[in-house]
Amino acid sequence: MVVNGLTKLYQRGGNTVQALAGVSLSIPQGSQLAIMGPSGCGKTTLLHCLAGVLRPTTGSITLDGTEMTTLSEGAISELRLKHFGFVFQDGQLLPELPCQENIAMPLMLAGVARKEAIARAQQILVNLGLEGAGPYRPGQLSGGQAQRVAIGRALITNPKVVFADEPTGALDQSTGAEVMGVLTYACQSTGASLILVTHDPSVAARLPHEIHMRDGLIDQQVSR
Ligand code: ADP
Ligand code: MG
C-alpha cells in the first residue's frame, strides 16, 4: 500500500478541522506498522482512510496498483470485504452468535456456503488455541479469548491487510501481550500486512515499523 499526500478536513459547526495534513508512507505487503501519537493527532482518521471506511479530502492510496480514492462506494465495500480484516478494541463480536459463526460471518457474507464457512472457522479456532470454543457465545469467554475470536474473524477471508485500532486497549498487560503475539503471528503466517493504532509503546515495540503522528502529520518513523 502506497500513500501519498493524504489530507482530511472535517467540518464541525462552522469550523474546519484538519485531521490529516499531508501523510505519505509506504507499507510493503506483509509488513507490520504501528501508528502512535497523542489523542487527536489523526491516528484513527488515517487508519479509516487506509481501510476505505473514510474518504480522504485529497491524496492517493494505491493498493496493488488500484487507486482506492477513486473507487465507487460499491467497489470500496467489495475491496473491504475481500481484502481487509478488522480488529477493534472491544472485539465487536455479535453477542448472540456462537464463536464459530462470528468467525465464519465474513465468509458467509462473501457467499461461501455455510457448511464450508463453519468448517474453516473451526480450523481457525484450532490454530488460535481455542478448539473447544466454537459453540460458545463471546460473553462466555474471557476478554483475551474473545479478542482471539475477533482476530480469527479478521483473518478468515485471507485478507491482504489487517487493520487494528487499539486491539489491546481493553485488556490487562499480560493478556494484551498474548493477544499481540497471536495477532502478529497470524498475520505473518498468512502474509497479511498489519496496520495497528496504539497508545501503548510496549505494543508498538512488538512491530518492526512505527510512525509517530502529531497534528495530522508523521513526525517520526522508526524501523527496527
Ligand atoms: P486520534 O485517533 O489520534 O485520537 P482522530 O483521527 O480521531 O485522532 O481525530 C483527529 C482530529 O479530527 C481531532 O481533532 C478530532 O477532534 C477531529 N475529528 C475526528 N473525527 C471527526 C469528525 N467526524 N468530525 C469532526 N472532527 C473530527
Ligand atoms: Mg483514535
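All values derive from a computational prediction rather than experimental measurement.

Conventions we followed
Residues numbered from 1 in each chain as written. Chains lettered and ligands numbered in written order. Predicted model: local features only at pLDDT ≥ 70, side-chain atom pairs only at ≥ 80, totals over all residues. Heavy atoms only, no water. Helix = DSSP H or I, 4+ residues; strand = E, 2+ residues; numbered from the N terminus. Rg over C-alpha atoms; globule rule 2.2 N^0.38 Å. Buried < 20%, exposed > 50% of the residue type's maximum accessible area, 1.4 Å probe, protein only. Contact = heavy atoms within 4.5 Å. Areas by Shrake-Rupley, 256 points an atom, 1.4 Å probe, with all protein chains shown as cover. Pairing = 2+ DSSP bridges. Axes fitted to C-alpha atoms, helices over the stretch in contact; angles between N-to-C directions. Core = buried A, V, L, I, M, F, W, Y, C linked by side-chain atoms within 4.5 Å. Salt bridge = Lys/Arg side-chain N within 4 Å of Asp/Glu carboxyl O. 1 Å grid on protein atoms, 1.4 Å probe; cavity = no way out; pocket = protein on both sides within 12 Å on 5 of 7 lines; lining within 4 Å. Points joined across faces, edges and corners; volume = space filled by probe spheres on them. Nonpolar A, V, L, I, M, F, W, Y, C, P; charged D, E, K, R; others polar. Parallel < 35°, antiparallel > 145°, perpendicular 65-115°, else oblique. Left-handed = near helix turned anticlockwise from the far one by under 90°. Near = heavy atom within 4 Å. Polar contact = N/O pair within 3.5 Å; in protein donor to acceptor, adjacent residues only side chain to side chain.

Draft legend 1. A look at the overall build of the protein. Of regular secondary structure, the protein possesses seven helices and 10 strands. Computed over its C-alpha atoms, the radius of gyration of the protein comes to 17 Å, within 12% of the 17 Å expected for a compact globule of 224 residues. The principal-axis extents of the C-alpha atoms in the protein amount to approximately 50 × 40 × 35 Å. Looking at the protein as a whole, 47% of its 224 residues qualify as buried. A separation threshold of at least 6 residues defines the contact pool for the protein, and within that pool the share at least 24 residues apart is 66%. Accessible surface for the protein amounts to roughly 10400 Å². Of this, 52% is attributable to carbon and sulfur atoms.

Draft legend 2. Focus on the sheet that holds strand S4 (residues 58-63). What the four strands build is an open sheet, ordered S2-S1-S4-S5; its pairing is antiparallel. Among the strands making up the open sheet, the edge pair consists of strand S2 (15-26) and strand S5 (66-67). Inspection of the sheet shows S4 paired to S5 by two bridges, in the antiparallel sense. Directly across from Thr 62, in S5, lies its bridge partner Glu 67. Sheet contacts for helix H1 (residues 43-50): strand S1 (2-12), S2 and S4; angle to S1, the most-contacted strand, approximately 120°.

Draft legend 3. How the structure looks around the side chain of Gln 147. Position of Gln 147 relative to the elements: it lies in helix H5 (residues 143-155). A residue is classified by how much of its surface remains accessible, and Gln 147, at 3% relative accessible area, is buried. Dropping the residues within four chain positions of it, Gln 147 is found in contact with Val 87, Phe 88, Gln 89, Asp 90, Gly 91, Pro 167, Leu 171 and Val 179.

Draft legend 4. Spotlight on the nonpolar core. Judged by nonpolar contacts, the single largest core of 39 residues is most densely connected at Val 149, Ile 151, Val 162, Leu 183 and Leu 196. Counting only elements with at least two residues in this core, the list comes to strand S3 (32-36), helix H3 (99-109), helix H4 (114-127), H5, strand S7 (161-165), helix H6 (173-190), strand S8 (193-197) and helix H7 (201-204). Among all residues touching Ile 151, those that are not within four sequence positions of it are Val 87, Leu 128, Val 179, Val 182, Leu 183 and Ala 186. Listed in part, the 26 residues of the second largest apolar core include Ile 35, Leu 50, Leu 63 and Phe 84.

Draft legend 5. Spotlight on the pattern of salt bridges. Counting across every chain of the model gives eight salt bridges. With a shortest N-O distance of 3.5 Å, Arg 214 and Asp 219 are connected by a salt bridge. You can call Arg 214 exposed: its relative accessible area is 52%. Residue classification places Asp 219 among the partly exposed positions, given a relative accessible area of 42%.

Draft legend 6. Expanded view of the layout of surface pockets. The calculated volume of the largest pocket comes to roughly 430 Å³. As for the largest pocket, its lining consists of 16 residues, of which Leu 81, Phe 86, Pro 106, Leu 109 and Arg 153 are closest to the centre. For the lining of the largest pocket, the element with the highest residue contribution is H3, accounting for four residues. Partitioning the lining of the largest pocket into residue classes produces nine nonpolar, five polar and two charged. For the second largest pocket, the calculated volume is near 320 Å³. What lines the second largest pocket is a set of 17 residues, and nearest its centre among them are Ile 124, Asn 127, Leu 155, Ala 186 and Thr 190.

Draft legend 7. The arrangement of the packing of H3 against H5 in detail. At their nearest, the axes of H3 and H5 sit 7 Å apart, and the two run at 30° to each other. For the element pair H3 / H5, the angle class is roughly parallel. In this structure, H3 crosses over H5, and the sense of that crossing is right-handed. Residue-level inspection shows Cys 99, Asn 102, Ile 103 and Pro 106 of H3 in contact with H5, the latter providing Val 149, Gly 152 and Arg 153. Taken together, the residues of the contact of H3 with H5 break down into four nonpolar, two polar and one charged.

Draft legend 8. Structural context of the site of ligand 1. By nearness alone, every residue bordering ligand 1 is listed as Tyr 10, Arg 12, Val 17, Ala 19, Pro 38, Ser 39, Gly 40, Cys 41, Gly 42, Lys 43, Thr 44 and Thr 45. Between ligand 1 and the protein, one listed contact pairs an oxygen atom with a backbone N or O atom of Gly 42 at 3.1 Å. The separation between an oxygen atom of ligand 1 and a polar side-chain atom of Lys 43 is 2.9 Å. Protein chains shield 67% of the accessible area of ligand 1, which is 560 Å² for the free molecule. Of all the secondary structure elements, the ones that give two or more residues to the shell around ligand 1 are S1, S2 and H1. Considering every element that reaches the shell around ligand 1, the biggest residue donor is H1, with three residues. Its residues placed into classes, the shell around ligand 1 shows five nonpolar, five polar and two charged.

Limitation: the analysis is restricted to geometry and does not speak to function.
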